[in-house]
Amino acid sequence: MKKTLDWRRDGPTWPGQAHSRFVKAAGIDWHVQVSGAGPVVLLLHGTGASTHSWRGLAPLLATRFTVIAPDLPGHAFSRSPEGASQSLAAMATALARLVKEIGQPPAIIIGHSAGAAIAVQMALDGLLAPKAIISLNGALRPLEGFASRFFPPIARLLALLPIVPNMFAWRARDPGVIEDLLKQTGSRIPDEDRARYHRLATTPSHIAAALSMMASWDVAALEKTMARLTLPLLLVAGTEDGMVPASEATVVARKLAQAEVAKLKGLGHLAHEEQPARVAAVIGDWVDRVLPAGADVTPSLGAAAL
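Summarised in this report is the structure supplied together with it.

Thresholds, definitions, all that
Residues numbered from 1 in each chain as written. Predicted model: local features only at pLDDT ≥ 70, side-chain atom pairs only at ≥ 80, totals over all residues. Heavy atoms only, no water. Core = buried A, V, L, I, M, F, W, Y, C linked by side-chain atoms within 4.5 Å. Buried < 20%, exposed > 50% of the residue type's maximum accessible area, 1.4 Å probe, protein only. Helix = DSSP H or I, 4+ residues; strand = E, 2+ residues; numbered from the N terminus. Contact = heavy atoms within 4.5 Å. 1 Å grid on protein atoms, 1.4 Å probe; cavity = no way out; pocket = protein on both sides within 12 Å on 5 of 7 lines; lining within 4 Å. Points joined across faces, edges and corners; volume = space filled by probe spheres on them. Nonpolar A, V, L, I, M, F, W, Y, C, P; charged D, E, K, R; others polar. Salt bridge = Lys/Arg side-chain N within 4 Å of Asp/Glu carboxyl O. Axes fitted to C-alpha atoms, helices over the stretch in contact; angles between N-to-C directions. Parallel < 35°, antiparallel > 145°, perpendicular 65-115°, else oblique.

Quick notes on the nonpolar core
Counting residues in each nonpolar core, the largest one holds 49 residues, and the members touching the most others are Ile118, Met122, Leu140, Trp217 and Leu229. Of all elements in the fold, only strand S1 (20–25), strand S2 (28–36), strand S3 (40–44), helix H3 (88–102), helix H4 (114–124), helix H10 (219–225), strand S7 (233–238) and helix H11 (247–253) reach the threshold of two or more residues within this core. In this view, Trp217 contacts Gln86, Ser87, Leu88, Met91, Ala114, Ala117 and Ile118; residues no more than four positions away in its chain are not counted.

Observations regarding empty space enclosed by the protein
One pass over the full model with this rule turns up 1 cavity of 30 Å³ or more. One number sums up the size of the largest cavity: a volume of about 80 Å³. In terms of lining, the largest cavity is formed by 13 residues, of which the most central are Asn137, Gly138, Val244, Glu248 and Ala249. Looking at the lining of the largest cavity, the elements with two or more residues in it are S7 and H11. Grouping the amino acids of the lining of the largest cavity by side-chain chemistry returns 8 nonpolar, 3 polar and 2 charged.

Structural notes on the pattern of salt bridges
This model, assessed by the stated rule, comprises 12 salt bridges. Ionic pairing is found between Asp288 and Arg64, a salt bridge with its closest N-O pair at 2.8 Å. Taken together, the residues span a long stretch of sequence, with Asp288 in helix H13 (residues 276–290) and Arg64 in the loop between helix H2 (57–61) and strand S4 (66–70) at a distance of 224 residues. By relative accessible area, which is 39% here, Asp288 ends up partly exposed. For Arg64, a relative accessible area of 36% translates into the label partly exposed. Note that Glu260 is salt-bridged to Arg289, the shortest N-O span being 2.8 Å. Separated by 29 residues along the polypeptide, Glu260 in strand S8 (residues 259–264) and Arg289 in helix H13 bring together distant segments of the chain. Linked through salt bridges whose partners overlap, the residues forming this network are Arg141, Glu223, Glu248 and Lys255.

Notes on the environment of Val23
Among the secondary structure elements, Val23 is positioned in strand S1. Taking the relative accessible area as the measure of exposure, Val23 reaches 13% and is therefore buried. Along the sequence, Val23 and Glu101 sit 78 residues apart, while their C-alpha atoms lie 7.9 Å from each other. Leaving out residues up to four positions away in the same chain, Val23 has contacts with Ile28, Asp29, Trp30, Val32, Leu98, Glu101 and Ile102.

Topic: the packing of H3 against H4
Viewed as axis vectors pointing N to C, H3 and H4 meet at an angle of 75 degrees, and their least axial separation amounts to 9 Å. Classified by the angle their axes make, H3 and H4 are roughly perpendicular. Contacts between H3 and H4 pair Leu88, Ala89, Met91, Ala92, Leu95 and Ala96 from the former with Ala117, Ile118, Gln121 and Met122 from the latter. Its residues assigned to classes, the contact of H3 with H4 shows 9 nonpolar, 1 polar and no charged.

Rendered as structure tokens:
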């Protein structure tokens, strides 16, 4: 069992590797994939995923946008310093510094699950100033009921125990473990993508980053300030999502000035991996309405000091 992914060993067969580069920013060695041409779109994957999550969607978006997709701190091929904060605010700041280093601020940020929360946090904190945000099954509110009281303390405890990532990675060598987790998403994804999740789940450094991220986040604080978000927000929700119910998108939309909900019947939490063309079509139609041809889509790095 390898402790970390190695680009020389694993990179040549990683999805989108032809577009990969490595960038140093905010004390992190980032793995980033950049493709396409046009207004810039920043893609932020969810907890425990990687750039492979965009294998199907990124090439479709790249036909009209410049697509920037990083591995989140500590995930897959991005290396964070030991002890670096994985809080929502810290990750938002780190990603904004990465964008500054690349020098291509996004006109649109698309975030999946936890990635959507990072996108909203960056906009609220003035770290980036996109023209619009798209949430794909976004985790924008705390878990409900018993889970909200039980899960965060357990995640914090597990994140503090160095042996836990190794134990999980060892256990994940059993394909049934990953199959059970993927089943909970309500999605049916291609075998190639299932294999990537299995590879990630058997990598202790990746598991440690995901646990630390879950243990450090305070989505309740984000929810309290989200009403300040005034830019257009599209909430794409799969009706079969077993992790973030589609009803959550409606709850969030009611609190915001410029939010719309697009529900995808029959798709789960990994909708963009199940049917990337369908998701790309929803994104394209919405962008054409809120940012029509001729509209100013010139973004900035935001007013906050980086």
